[in-house]
Structure formats: C-alpha cells, structure tokens
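Observations on the three-dimensional arrangement
Each chain, letter by letter, is given below.
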Amino acid sequence: MIPRRIELRIDDGFDINWNGGDAYRSQLFNAVSMLFPVGEKWIIDTVRRVVDILPAAEKAAWAGSTRDFIAQESIHSSVHRKYNDHLKLQGLRNWLELRAKRRMEWGGKGTPINQLASSVAYEYLTANLSSSLLCTPRLLEGADARLADVWRWHSAEELEHRHFVLDLYEAAGGGYVRRLLWYVWALSTFMLDLHIQVFLNLRDSRQLFKWSTLGQALRFNFWPGGMFWTISAASVKFLNPKYHHRDDLGDQIARAWLADNAASFRDADKFPDARGS
C-alpha cells in the first residue's frame, strides 16, 4: 500500500448533476461521498482497537501495513470532506452522516473483534463497488473530469488494500459465522441508508419526480453490470467459508491507473492526516 494524495480543485464549484448530466448517477455518487468521512473513521478506529490487543510480536508485524492503511483512509476522508462541503453549498443535506454516527455510537459498545467484523463487511462492499466502477466506464461517462479522477483514485486504492481488514480480522481470530452475520447486517443497513440519502438528494436537487430519473435509476441498478448484479454476485462469493479474493480485472485496472497517473499524486507524508491523526 502506498498513501497518495490527489488534489481536488473545485473552488469554482461543479454542476449538481456532474456525472454526465445523469441525476441518479450524480446523486448516488454524492450519497456515497457523504458517508465516507465518518465511515472511514469508524474503520480506522476498529483497526486500531484490534491491533492494540494483538500480542506484541504480531502487533509489530502489522505495524507497517496498519500505518499505510490508515494513511490511505485518512487522505480519502480529507478529500471527501472537501467534496461534501460543496454538496452542502448546493443545498444537499447529509442525513446519512448523522445516521452513521448514531450507528457507530451503538457499535462502540461492542467488542473489538465484532467492530472489526463490521469493517470487514463495509470494506468488502466498497471494494466490489470500486471494482465495478473501474471495469464499467459508462458509470463515469461524461462526468466532470476532476470528480471522475477522484473516484478512480479512491477506487484504485480501495482495491489496493482490499485484503488488509479481512486478513487482520482472521489474524485476530475472527471466524466465518461472525463475518457472515455482520455482512448481512452491514449490507442491509448500507443499502437502505444509501438509497434514503439518494432519495433526499434527488428531492433537494428537484430531480426526484421525473420519468428520466426513474429510467436512470433502473439502468444504473439493473442493466448488465448494474449495482444490483454487482452486489448480488459479490455476496454469493462472500458466503463461501473459504472465501479469499483472487486477483481479477478490477485489480489489474487499478494498478494500471495508479501507475499511469503517478505524476498527479502529491507526497502524502507532507500532510498530517496521512499519518491517521
């Protein structure tokens, strides 16, 4: 894992339907961005809690990869906070963040291994959505180039560290049944909360009650390569007790994109949040 910072130059703003003029695609991506800062903080905190209770020798072995993982996630949060500030200026209200914070207050009462199991589920969902984005060019067709690059960068790094949280969970003694139960819970709550936020975004942007928006939603979710099929196929794989990810097309595209765009990244070590602080 290599922490990288991409500059998001949006001081002059961006169109509310920035993703090719497609209201549904734009507001779904915006809804996901609204979740990232608080969601990634939860994942960072759960990783830290589990690493802290590992035996000394194991803790030392995990130190380097933990630092790099936290750096990547911290930088993602920083960039999405800037993105979300512009969404607020456009009149979009972040209900999802408040909802997630309440869930995390409840989750903070659990054991470190249960908390990490929820992070395994969220990281798995994020990685599969990231792979779909990189493998399906139409998802960002006609998008504002600045935001498209942010989503490709974030997706590529999600695939780069997709093994980390599951590997840590298993190293800490986490088992299949716990992983499965938390995945079912995370999938159901994530999809419900995400689509409530999409509904609110479409309402606030005055795109909700339009036939064109309905058509866009159906295409995004149910056409070949749509989100429904992506999540369904990924869930079937994750049900396997022996599941372990094998390198696929998404991973290959991610590595190629990061290599091709290396010159556009800044030195993450120069930024305090890259150290997970």
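Just above, that's the structure.
Here goes a summary of the coordinates provided. (Residues numbered from 1 in each chain as written. Predicted model: local features only at pLDDT ≥ 70, side-chain atom pairs only at ≥ 80, totals over all residues. Heavy atoms only, no water.)

**Brief notes about the environment of Phe228**
With respect to the helices and strands, Phe228 occurs in helix 9 (residues 227-238). Along the sequence, Phe228 and Tyr243 sit 15 residues apart, while their C-alpha atoms lie 21 Å from each other. In contact with Phe228, not counting residues within four places along its chain, are Asn221 and Phe222. (Helix = DSSP H or I, 4+ residues; strand = E, 2+ residues; numbered from the N terminus. Contact = heavy atoms within 4.5 Å.)

**Observations regarding the pattern of salt bridges**
A pair can form between side chains of opposite charge whenever their charged atoms are brought close. Under the defined criterion, the tally for this structure stands at 13 salt bridges. We note a salt bridge from Arg25 to Asp22, for which the minimum N-O separation is 3.4 Å. Each member of the pair, Arg25 together with Asp22, is buried. Put simply, Asp45 and Lys41 hold a salt bridge, and the shortest N to O gap is 2.8 Å. Here Asp45 pairs with Lys41, and both are found in helix 1 (residues 23-52), just four residues apart, close to one helical turn. Connected through salt bridges with shared partners, the residues Arg4, Glu157 and Glu160 form a single ionic network. (Salt bridge = Lys/Arg side-chain N within 4 Å of Asp/Glu carboxyl O. Buried < 20%, exposed > 50% of the residue type's maximum accessible area, 1.4 Å probe, protein only.)

**Observations regarding the side chain of Asn19**
In this fold, Asn19 is placed in the loop between strand 1 (4-6) and helix 1. The exposure class assigned to Asn19 is buried, which follows from its relative accessible area of 0%. Here the side chain of Asn19 touches Leu139 through a polar contact of 3.1 Å, landing on its backbone oxygen. In contact with Asn19, other than residues within four places in its own chain, are Arg25, Ser26, Phe29, Leu139, Leu140, Glu141, Gly142 and Ala143. (Polar contact = N/O pair within 3.5 Å; in protein donor to acceptor, adjacent residues only side chain to side chain.)

**As for the environment of Arg48**
On the secondary structure map, Arg48 appears in helix 1. Judged by relative accessible area, which is 32%, Arg48 ranks as partly exposed. As for Arg48 and Asn84, which are separated by 36 residues in sequence, their C-alpha atoms are 26 Å apart.

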